[in-house]
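In case you want the letters, here they are:
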Amino acid sequence: MSTPPIATQQSAAPWRDPLLLLASVFAACLLGIASRPAGYSAAIWPANAVLLGLLLRNPSWARGPTAWICALVGYLTADMLTGAPWLRALGMNGANLLGVAVGWLFFRPYAASIVGFTRQRAVLTLLAGSSVAALGSALPATPVMQWAFASQAWTDMLMWLSSEMYNLLLFLPLVLAAPRGWFWQWDWARLLRPLRQAGVAPLLALLACEALAYFVNGPGMLGFAVPALVWCAMAYGVFPITVLNLLVCSWKTAVAALDTISFLPDQLAAVTSFRLGMALLSLAPLAVAVAHQLRSQTLSQLQQAVDHDHLTGALSRRKLMEQGARLVQRLHQQGAPVAVLLMDLDHFKRINDSHGHAQGDTVLREFAALVQRNLRPQDLFGRIGGEEFALILPATAASHAQLIGERLRSQLREHPFRLQDGSALQVTLSVGLHATQPPSQQHSLERLLAWADAALYQAKALGRDQVRGHWADQG
Ligand SMILES: Nc1nc2c(ncn2[C@@H]2O[C@H](COP(=O)(O)OP(=O)(O)OP(=O)(O)O)[C@@H](O)[C@H]2O)c(=O)[nH]1
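Here the structure is a predicted model, which is why all the values come from computation and not from measurement. (Residues numbered from 1 in each chain as written. Predicted model: local features only at pLDDT ≥ 70, side-chain atom pairs only at ≥ 80, totals over all residues. Heavy atoms only, no water.)

1. Section: the overall build of the protein
- The secondary structure content of the protein amounts to 21 helices and seven strands.
- Its C-alpha atoms give the protein a radius of gyration of 32 Å, clearly above 23 Å, the size a compact globule of 475 residues would have.
- Summarising its shape, the C-alpha atoms of the protein cover approximately 100 × 55 × 35 Å along the three principal directions.
- Here the protein holds 475 residues, and 50% of them are scored as buried.
- About 22000 Å² of surface is accessible on the protein, with carbon and sulfur atoms providing 63% of the total.
- Side chains of the protein give 34 positive and 26 negative charges; the mean places of these two sets differ by 2 Å. (Helix = DSSP H or I, 4+ residues; strand = E, 2+ residues; numbered from the N terminus. Rg over C-alpha atoms; globule rule 2.2 N^0.38 Å. Buried < 20%, exposed > 50% of the residue type's maximum accessible area, 1.4 Å probe, protein only. Areas by Shrake-Rupley, 256 points an atom, 1.4 Å probe, with all protein chains shown as cover. Lys, Arg positive; Asp, Glu negative; His and termini not counted. Charge placed at Lys NZ, Arg CZ, Asp CG, Glu CD.)

2. Section: the pairing of strand β2 (residues 380–385)
- Most of β2 is tucked away: five of the six residues are buried.
- Of the strand pairs in this sheet, β2 and strand β3 (residues 388–394) are connected by five bridges, and their pairing is antiparallel. What sits directly across from Gly-385, in β3, is Glu-388. (Pairing = 2+ DSSP bridges.)

3. Regarding the site of the ligand
- Near the ligand lie 17 residues; those nearest to it are His-347, Phe-348, Asn-352, Asp-361 and Arg-383.
- One of the backbone nitrogen or oxygen atoms of His-357 is found 3.1 Å away from a nitrogen atom of the ligand.
- For the ligand, the accessible surface in isolation is 660 Å², of which the surrounding protein chains cover 66%.
- Elements supplying a minimum of two residues to the shell around the ligand: β1 (338–345), α18 (348–355) and α19 (357–373).
- Take the shell around the ligand: its biggest share by element is four residues, from α19.
- Across the shell around the ligand, the residue classes tally to four nonpolar, five polar and eight charged. (Near = heavy atom within 4 Å. Polar contact = N/O pair within 3.5 Å; in protein donor to acceptor, adjacent residues only side chain to side chain. Nonpolar A, V, L, I, M, F, W, Y, C, P; charged D, E, K, R; others polar.)

4. Side note on the pattern of salt bridges
- Counting across every chain of the model gives 14 salt bridges.
- Of the charged contacts in the structure, one is a salt bridge between Asp-307 and Arg-318, with a shortest N-O distance of 3.0 Å. Taken as a pair, Asp-307 in helix α16 (residues 283–307) and Arg-318 in helix α17 (residues 317–334) lie far apart in primary sequence, eleven residues in all.
- Relative accessible area serves as the criterion here: at 42%, Arg-318 is assigned to the partly exposed category. (Salt bridge = Lys/Arg side-chain N within 4 Å of Asp/Glu carboxyl O.)

These values are about where atoms sit, not about what they do.
Here is the structure:
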């Protein structure tokens, strides 16, 4: 699945993208600042992941200085409006920006697969890139933290690193997997579609697991949600699982913050272990959702290939017979007429022999396109084999079917097939048709096709380039 940039869905005003970036960074910073314990850096910091995700989704933004300047303004404004000294804000946010730049350089070659998670390896790429980006900001941040909070270098380094891993592995997938246009449209019907399709059972299982984890408590509670998250991943898909991962981890973080962990350096081991554990656990459901999404896409591509003729895009014979039989049966039950047309290009072998197989293929393709332009959505069009095609027209009387056959025949006759030497090739069509006379006639699709075939045989025998009908009283 290729996911186009979030922010290119509407008419592009030149100020809109930088403003969106600035506002996103500013809002994400405020969220992080709200989680900041007194006297230390924030417990969660989504701004870097949000910025990195936006830059990866909109590659042109990162090339000029505007996006980077807007991002810095967003960081600094949020920090200074909430009372941070300007020198500390500059140092810490410089480290944030450096981490984003390192992450962007790492992810840039993989942007096509990581945006929308279109390859299975994207989850491992996410882990590798997030580790590099986290290190890219933790290294320059460490001396700033030491200076700002008079703490120990090793402690600051690990606190920052684990926080960045947590933020990147939870917020970045959300931005990367957000569906097309989601940011602008807030299309709730579309967002809730997975829930409507797959039902609420996986979600209820998740709530039950979390309730159990809350009451059982202890270090093992981190893993309680995993089975339900895996179920949600298979049921709902990639974007919903990034949202659920974030909600579950935020909930666990809030419970841990109220209960046992202070998110201050004096609990370095617990904080680091908790953050890394949470972030790494979220990769399992994400990997399942990505694998499931890719499998579904492959299956639907295979189904498409099986159901359609690869040269002309018409239905395959098998699909036509399957769908057509159901359609004919339904029309019989409704007492509605149905017409069946068998169409065969005249002297097609000569086209192949005189102008080559490739030219023959072009004729087949253009003929199929011509027919398809004439179809209603409810009509079925399939390739029976070689240069023979069938049309099943529901609720169509014989006289109307005859007109359609004539129209296709004359359109093909006038269609300008251009040969390589510039000359024109004329192709003609023979059509045999049969239409049922409801309510008395009830015949199988095979029977209707056999009668249409008898009519086609007549059309060929009478000189080709014509439409012949077969009526039931002809036997
Ligand atoms: N180019 C091309 N030729 C095909 C394809 N499938 C079948 N054919 C050719 O279609 C030709 C059909 O020839 P015939 O069955 O003798 O029919 P015709 O020449 O159209 O003669 P009439 O039907 O009697 O008018 C054969 O030469 C096949 O090789 C295809 O996918 N591409």
